[in-house]
Amino acid sequence: MAIQQISVFVENKQGKLVETVKTLAENNINIRAMSIADTKDFGILRMITSDNDKTREVLSGDTVVNTTEVIAVKMADKPGALYKVIDILSKAGVNIEYMYAFTASDALGAYVVFRVDDVEQAQKLMDDNGMKSLSDNELN
């Protein structure tokens, strides 16, 4: 199942990231997973949060906030686990635009988040190959 990821464009200046994270903390929003990529002038903070609607609401006043569908695939903690997933996607012609990992609760385990060019096809491939992916409901 696809999950919603929030992307926030944060100015690459001292204090801007801490302001963004403080806003989330003050609004009781938990960051479940995150990644940040930077350029000279700004960074893209990608997050999976406990409340996407509220995240968009509290951050969109002074910055650009986008929502993107991604898939979070459960990974075994052993050599070759990531290769297995990437190989399945590659052989089917699904392009991975970026990825990052996170660890959920003990019950949920470790996951890799993929942004791909065809979310529906990637999800079907994961399902067909018996690979568990998370839904927004499971994360919350």
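Our structure's up above, just so we're on the same page.
Here we summarise the structure given alongside this text.

Calculation notes
Residues numbered from 1 in each chain as written. Predicted model: local features only at pLDDT ≥ 70, side-chain atom pairs only at ≥ 80, totals over all residues. Heavy atoms only, no water. Salt bridge = Lys/Arg side-chain N within 4 Å of Asp/Glu carboxyl O. Buried < 20%, exposed > 50% of the residue type's maximum accessible area, 1.4 Å probe, protein only. Helix = DSSP H or I, 4+ residues; strand = E, 2+ residues; numbered from the N terminus. Axes fitted to C-alpha atoms, helices over the stretch in contact; angles between N-to-C directions. Parallel < 35°, antiparallel > 145°, perpendicular 65-115°, else oblique. Left-handed = near helix turned anticlockwise from the far one by under 90°. Contact = heavy atoms within 4.5 Å. Nonpolar A, V, L, I, M, F, W, Y, C, P; charged D, E, K, R; others polar.

## Notes on the pattern of salt bridges
- One pass over the structure, following the stated rule, counts seven salt bridges.
- Note that glutamate 11 and lysine 13 form a salt bridge whose closest N and O atoms lie 3.0 Å from each other.
- According to the relative accessible area criterion, glutamate 11 is partly exposed, its value standing at 36%.
- Residue arginine 115 is joined to glutamate 97 by a salt bridge in which the shortest nitrogen-to-oxygen separation is 3.5 Å. One end of the pair, arginine 115, is in strand 6 (residues 110–116); the other, glutamate 97, is in strand 5 (residues 96–103), with 18 residues separating them in the sequence.

## Topic: the packing of helix 3 (residues 81–91) against helix 4 (residues 119–128)
- For the pair helix 3 and helix 4, interaxial distance at closest approach is 10 Å and the crossing angle is 125°. It follows that helix 3 is oblique to helix 4 by the angle criterion. Between helix 3 and helix 4 lies a crossing whose hand is right-handed. Between helix 3 and helix 4, the residues in contact are Val85, Ile88 and Leu89 and Ala122, Leu125 and Met126, respectively.
- Its residues assigned to classes, the contact of helix 3 with helix 4 shows six nonpolar, no polar and no charged.

## Let's talk about helix 3
- Among the residues of helix 3, Ala81, Val85, Asp87, Ile88 and Leu89 are the ones counted as buried.
- The elements touched by buried residues of helix 3 are strand 4 (65–74), strand 5, strand 6 and helix 4.
- With its phi angle positive at about 80°, glycine 93 sits one or two positions after the end of helix 3.

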